Structures are given as structure tokens and as C-alpha cells.
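This is what each chain is made of:
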Amino acid sequence: LMSLGLEGKILKLVHATTPQPPATLSATGAFSDLATLTPASGVLPFDLNSPLWSDNAVKQRWIAVPNNGAPYDTTETVGFNATSEWSYPAGTVLIKHFDLPIDDTNPTVRKRIETRFSVKTAAGDWYGVTYKWRADGRDADLLDSSATEDIAITTADGGTRVQPWYFPSRNDCTSCHIPASSQVLGPRTWQLNGTYAYPGTSTTGNQLQIWSDLGMFDQTFTT
């Protein structure tokens, strides 16, 4: 590009830089046990009342909000809004995992497909990365670009059909997660206003109340 005038300049467009994520899912430290997808300390599972359908995939979700311990300040809490998007502090990580049922006669038989991360930067924007699970299901590898894999599904009559699965690139992530939606599409007041049984614990309760009790919001309330 070139600007004209008394102080004319030649300008060059460059790619915005983002931190380079770990090469494998295990190296992120998000899970204390990859085999069971047990989240690490500080990584909280959650669910949505009305999740989007994603090519028949079964999804799991977690969030990590950075903090230095209670009492939390406004840079360490989620900005609650009853009717609109929430705001998040820098360093917030949203994680979404995809399993695909691969036997039409037994939906509990699943293949691990991918795990996606959305991370809020210090500059206030978000970037997304995708980890593609290996065939043995022991770990997942960071993708540098988009990819497609044909997944074999056993049909009810004993045959096989093929379902293509598309793994998004980083640019694909920003095509849906746009600034107008605060770049976070799932968590909303109405989406989390419901009872959830937290895996591996005896805790069952309203998710909004649990988040409030944990000090994750910039305000406290009772549902």
C-alpha cells in the first residue's frame, strides 16, 4: 500500500502474530488424564441447554479463567450479563471436545475426533486452535491448517458408510467467532441456566449459581 502527500509512505501488510500453542494436547496441561478427559485443576466443565448440532458429534466443554486466588478482581472474573454476551478476562480458555459415534447400532461406540481451544489474548481478541486426535486415541496433535478425514461408520445392516469430517483452521474459527458476538458463541445466561451434574464429583446444581459461588462472575446472585 502507498499513502500520498507530503509524508508519503510505502506500507506493507503483515500477518498478526499469535502465541504458538503446544504441539500436542497433552502438552497444554488442560487435562490431568487424557484417557478419561479429566480436566486439570482450575478447568471447569459446563454444558449448554441447547447445543448446536455438529454432524452427529457428541461434545464436551470446559472453561478456565485465570486468577491469583480469592478475592478475585475484575481482571479475573467473567462479566455477567443477564440478556446479552458475557465478557471475559485476558487468558480465558474455552475448550470443546468432539467424539463421533461410529456404530449406528450402538451409539456408545465413539471415536475421538478433535479438541478445540479458544483463547483470549491480552489485546482483547480471541484465537482458536484445533488438536486432531491420533488413530490410537492416546493424544492429539496441533493442526497448522485445515484438514479433512473420512470416518468409517458401521451401519445398522452391518455395512459401512463414510462420513467426512472437516477440521477447521485458525482462520475458520474467526469466520464464525466474530467481534459482534464477543467471539464467544456458546456460554450465555439462558444457555447455562440449568442443573448440571459435575463429572467425577457429587456436586449437582444450577450452573449459574455454581459459577457465582466460585466467584467466577463480577457479581454474586442467587438463582
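Before reading on, note that the structure itself is shown above.
Throughout, a residue's number is its position along its own chain's written sequence, starting from 1. Totals for whole chains, interfaces and linings use every residue, but because this is a predicted model, local features are given only for residues with pLDDT of at least 70 and side-chain atom pairs only at 80 or more, for both listing and counting. Side-chain numbers come from the whole structure's heavy atoms, not from hydrogens or water.

J.: What is the right way to look at the packing of aromatic side chains in this model?
T.: Aromatic ring pairs are defined here through the distance separating the ring centres and the angle between the ring planes. Only the six-membered ring of Trp is used, alongside the rings of Phe and Tyr, when aromatic pairs are assigned; centres must lie within 6.5 Å, and planes under 30 degrees apart are stacked while those over 60 apart are edge-to-face, with the rest tilted. Scanning all chains against the criterion turns up 13 aromatic pairs. The interplanar angle of 35° and the centroid separation of 5.0 Å between the aromatic rings of F80 and F221 together place this pair among those described as tilted. Highlighted residues: F80 in the loop between β6 (58–64) and β7 (93–101) and F221 in the segment after α4 (207–213), separated in sequence by 141 residues. Considering the side-chain rings of F117 and Y131, the 5.5 Å spacing of their centres and the 70° angle between planes classify their relative orientation as edge-to-face. Highlighted residues: F117 in strand β8 (residues 110–120) and Y131 in strand β9 (residues 126–133), separated in sequence by 14 residues. With respect to burial, F117 and Y131 carry one shared label: buried. Taken together, the ring pairs in this structure connect F46, F80, W86, W211, F217 and F221 into an aromatic cluster. In this scheme, Lys NZ or Arg CZ marks a charge over a ring once it lies within 6 Å of the ring centre and within 35 degrees of the ring normal. The positively charged end of R112 is found above the aromatic ring belonging to W133, 4.9 Å away from the centroid. Only DSSP runs of H or I reaching four residues or more are called helices, and only runs of E reaching two or more are called strands; each is numbered from the N terminus. Relative accessibility under 20% of the residue-type maximum defines a buried residue, over 50% an exposed one, and the middle range a partly exposed one, all with a 1.4 Å probe and only protein chains included.

J.: It is not clear to me how unusual backbone geometry should be interpreted in this structure. Could you clarify?
T.: Phi is mostly negative for residues that are not glycine, and the peptide bonds are mostly trans. Although it is not a glycine, L37 adopts a positive phi angle of roughly 55°. With respect to the element layout, L37 can be found in the loop between β3 (31–33) and β4 (38–39). Here the phi dihedral of D55 falls at roughly 50°; this positive angle occurs in a residue that is not glycine. Within the secondary structure, D55 is located in the loop between β5 (44–46) and β6. Taking relative accessible area as the criterion, D55 reaches 38% and is therefore assigned partly exposed.

J.: What is the right way to read the sheet that holds strand β10 (residues 140–142) from this model?
T.: Two pairing modes exist for strands in a sheet, parallel and antiparallel, and in both the strands are linked by backbone hydrogen bonds. What the six strands build is an open sheet, ordered β5-β6-β7-β8-β9-β10; its pairing is antiparallel. The strands lining the two open edges of the sheet, one partner per strand, are β5 and β10. Here the strands of the sheet are splayed against their neighbours by 25° on average, with no regard to which way each runs. Pairing between two strands is assigned when DSSP locates at least 2 bridges connecting them. Direction of pairing for β7 relative to β8: antiparallel, over a ladder of nine bridges. In the sheet register, H97 faces β8, and the bridge partner there is T115. Axis geometry follows a simple rule: fit a line to the C-alpha atoms, using only the stretch in contact for helices, then measure angles between N-to-C directions, giving values from 0 to 180 degrees.

J.: Looking at this structure, how should I read the pattern of salt bridges?
T.: Any two side chains of opposite charge can pair, given that their charged atoms come close. A pair is scored as a salt bridge if a Lys or Arg side-chain nitrogen falls within 4 Å of a carboxyl oxygen belonging to Asp or Glu. Evaluated as defined, the whole model comprises six salt bridges. Between D47 and R61 there is a salt bridge, with its nearest N and O atoms 3.8 Å apart. Taken together, the residues span a long stretch of sequence, with D47 in the loop between β5 and β6 and R61 in strand β6 at a distance of 14 residues. R61 sits in the buried class, given a relative accessible area of 8%. Two residues, E85 and R188, come together in a salt bridge whose shortest N-O distance is 3.9 Å. Of the two residues, E85 sits in the loop between β6 and β7 while R188 sits in the loop between α2 (170–176) and α3 (189–192), which places them 103 residues apart along the sequence.

J.: Teacher, can you tell me more about the nonpolar core here?
T.: Within soluble globular proteins, side chains that are nonpolar tend to cluster in buried spots. Grouped together as the largest cluster of nonpolar side chains are 21 residues, with contacts concentrated most on I63, W86, W211 and F217. Elements with a minimum of two residues in this core: β5 and α4. If you tally residues by element for this core, the top one is α4, at three residues. Among the nonpolar cores identified, the runner-up in size contains 19 residues, and L25, V43, A64 and F117 belong to it. We call a set of buried residues a nonpolar core when its members are Ala, Val, Leu, Ile, Met, Phe, Trp, Tyr or Cys and they connect through side-chain atoms within 4.5 Å of each other.

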